[in-house]
There are 2 protein chains.
Amino acid sequence: KVEAVLKSILKSIDVIIETRVYPTEDEEKVVKAIKNFFPDAEISIEDDVLRARAKNINHFRELLRMQKILDTARNEMLKSVSGNEITILLNKQTATVSRINFVEEDAILSPIKITFRLYGIQPERLIDYLAPETRDGRPVKELKESELFE
Amino acid sequence: KVEAVLKSILKSIDVIIETRVYPTEDEEKVVKAIKNFFPDAEISIEDDVLRARAKNINHFRELLRMQKILDTARNEMLKSVSGNEITILLNKQTATVSRINFVEEDAILSPIKITFRLYGIQPERLIDYLAPETRDGRPVKELKESELFE
């Protein structure tokens with residue numbers, strides 16, 4: 001509880017990542033898929049479930065721009081806000097080649113579940129930072145990282 | 001064509017196996033899963049698809065008995081007859097521990113597709129050999145391998 005209050009004062013984001021690792025899968029390949037999106041992820045695998053925590057969202061932000069999927073990402077994130085969390089599901093297979101692909105729960109070999117847990121930051125603000133509105137395919141307004149934590 | 005006619009005269013069974021190998025999967029684990037059911041399988045993997053051929057069905061037959069799933073197997077096979085072929089779908093994940101588990105096409109874990117292609121043998125006869133009717137959990141009549149090829 002105290003930790004959460006402190007975090008709110010300091011404003012921070014926890015990225016919580018989870019996916020199942022099936023018997024035919026190669027743990028290293030699944031770990032690499034996660035690191036492709038969040039290079040600073042700290043990963044543990046227990047009872048066929050991979051869990052990870054990360055802080056740096058900028059690489060993921062960069063990938064969204066490189067792959068020109070800001071509108072899709074924005075829509076997916078806006079419909080996935082719940083309290084101080086935004087949870088999205090990404091395709092584990094395309095993650096192996098750093099490709100962001102939003103999927104449903106029953107995606108092949110189960111998706112990667114990514115939860116952005118926000119302390120002292122409005123979900124909409126994070127969404128504006130990661131996936132701003134676009135016009136003619138270009139962001140209308142790009143938030144600076146400093147503005148995210150204002 | 002000639003080959004098929006010859007095979008019919010000689011009466012034989014081809015086991016044709018197919019499954020996708022996804023980017024996060026370990027090829028060796030998938031190969032092992034196949035060999036768990038058909039030890040004599042000759043396997044090739046191309047463009048993320050594993051294809052194999054086998055002749056020996058006795059190990060698979062033995063597993064059906066050990067796991068006491070003759071009734072399930074019989075029902076699945078009876079409803080999967082098409083011409084001179086019987087095609088079943090098995091769970092790739094449980095195959096890694098030699099466990100036979102019948103699944104639907106859209107299994108999240110992409111099934112192993114096994115086709116028994118019969119030459120000069122009636123499908124029902126193969127089913128009687130692999131998964132005979134049971135009473136109180138025991139086969140009513142066990143066909144000998146020689147009777148299969150009569």
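Above this text is the structure in question.
A few points on the structure. Only a predicted model underlies this, so the values are computations on that prediction, with no experimental measurement involved. (Residues numbered from 1 in each chain as written. Chains lettered and ligands numbered in written order. Predicted model: local features only at pLDDT ≥ 70, side-chain atom pairs only at ≥ 80, totals over all residues. Heavy atoms only, no water.)

What to know about the pairing of strand β3 (residues 49-54) of chain B
For strand β1 (residues 12-20) of chain B and β3(B), the ladder comprises six bridges, and the chain directions are antiparallel. Across the sheet, residue I17(B) finds its bridge partner in β3(B), namely A52(B). (Pairing = 2+ DSSP bridges. Helix = DSSP H or I, 4+ residues; strand = E, 2+ residues; numbered from the N terminus.)

Some words on helix α2 (residues 27-37) of chain B
All names here are of chain B. Listed in full, the buried residues belonging to α2 are V30, A33, I34, N36 and F37. In a view along the axis of α2, the buried residues occupy a sector of 155°, so they form one face of it. Backbone nitrogen of E28 and a side-chain oxygen of the N-cap are separated by 2.9 Å at the start of α2; the cap is D26. (Buried < 20%, exposed > 50% of the residue type's maximum accessible area, 1.4 Å probe, protein only. Arc of directions from axis to C-beta. Polar contact = N/O pair within 3.5 Å; in protein donor to acceptor, adjacent residues only side chain to side chain.)

Comments concerning the sheet that holds strand β5 (residues 85-90) of chain A
Residue and element names in this part refer to chain A. Pairing in this open sheet of six strands is antiparallel, and the strands run β2-β3-β1-β6-β5-β4 from one edge to the other. At either margin of the open sheet sits one strand with a lone partner, and together these are β2 (42-46) and β4 (81-82). With respect to the sheet, helix α2 (residues 27-37) is in contact with β1 (12-20), β2, β3 (49-54), β5 and β6 (112-119), its orientation differing from that of β2 by roughly 150°. (Contact = heavy atoms within 4.5 Å. Axes fitted to C-alpha atoms, helices over the stretch in contact; angles between N-to-C directions.)

What about the packing of aromatic side chains?
In the structure shown here, the tally under the stated rule is eight aromatic pairs over all chains. Judged by centre distance (5.2 Å) and plane angle (20°), the ring pair of F38(A) and F60(A) falls under stacked. One end of the pair, F38(A), is in the loop between α2 and β2; the other, F60(A), is in helix α3 (residues 58-66), with 22 residues separating them in the sequence. Each of the two residues, F38(A) as well as F60(A), counts as buried. Ring geometry for F37(B) against F60(B): centres 5.9 Å apart, planes inclined by 70°, an arrangement best described as edge-to-face. Remark: F60(B) occurs in helix α3 (residues 58-66) and F37(B) occurs in helix α2; sequence separation between them is 23 residues. An identical accessibility class is assigned to F37(B) and F60(B); each is buried. Linked through ring pairs, F37(A), F38(A), F60(A) and F116(A) together constitute an aromatic cluster. The aromatic ring of Y129(B) is capped on one face by R61(B), whose charged end is 4.1 Å from the ring centroid. (Phe/Tyr/Trp six-rings, centres within 6.5 Å; stacked < 30°, edge-to-face > 60°. Lys NZ or Arg CZ within 6 Å of the ring centre and 35° of its normal.)

A closer look at the pattern of salt bridges
The full count for this structure, using the stated rule, is 20 salt bridges over all chains. One network of salt bridges, with partners in common, ties together D14(A), R53(A) and K55(A). (Salt bridge = Lys/Arg side-chain N within 4 Å of Asp/Glu carboxyl O.)

Topic: the relation of the copies chain A and chain B
When chain A is brought onto chain B, the operation consists of a screw motion whose angular component is 180° and whose axial shift is 0.0 Å, with 0.2 Å RMSD remaining. Such values leave the two copies arranged in the relation of a two-fold axis. Take the interface residues of chain A: 87% of them recur as interface residues in chain B, which is what a same-surface contact looks like. (Least-squares fit on C-alpha atoms with pLDDT ≥ 70 in both.)

Comments concerning the environment of K35(A)
All names here are of chain A. Here K35 lies in helix α2. In this structure the C-alpha to C-alpha distance between K35 and S98, which are 63 residues apart in sequence, comes to 8.9 Å. Other than its neighbours up to four places away in sequence, K35 contacts A41 and I43. At a separation of 3.2 Å, a polar atom in the side chain of K35 contacts the main-chain carbonyl oxygen of A41.

Describing the sheet that holds strand β2 (residues 42-46) of chain B
All names here are of chain B. Spatially, six strands are ordered β2-β3-β1-β6-β5-β4 in an open sheet, and the strand pairing comes out antiparallel. Both outer strands of the open sheet, β2 and β4 (81-82), are each paired with one neighbouring strand and no more. Across the sheet, α2 touches β1, β2, β3, β5 (85-90) and β6 (112-119), and the angle it forms with β2 is around 150°.

Describing the side chain of E147(B)
Residue and element names in this part refer to chain B. Mapping E147 onto the fold places it in helix α7 (residues 145-148). Polar contacts involving the side chain of E147 include one to the main-chain amide nitrogen of K144, which spans 2.5 Å. The contacts of E147, once residues within four sequence positions are left out, are R125, K141 and E142.

Considerations on unusual backbone geometry
Residues and elements named next belong to chain B. Unlike most non-glycine residues, D47 shows phi in positive territory, near 45°. Along the chain, D47 falls in the loop between β2 and β3. Despite not being glycine, D48 has its phi angle at roughly 65°, a positive value. One can find D48 in the loop between β2 and β3. What makes D48 partly exposed here is its relative accessible area of 41%.

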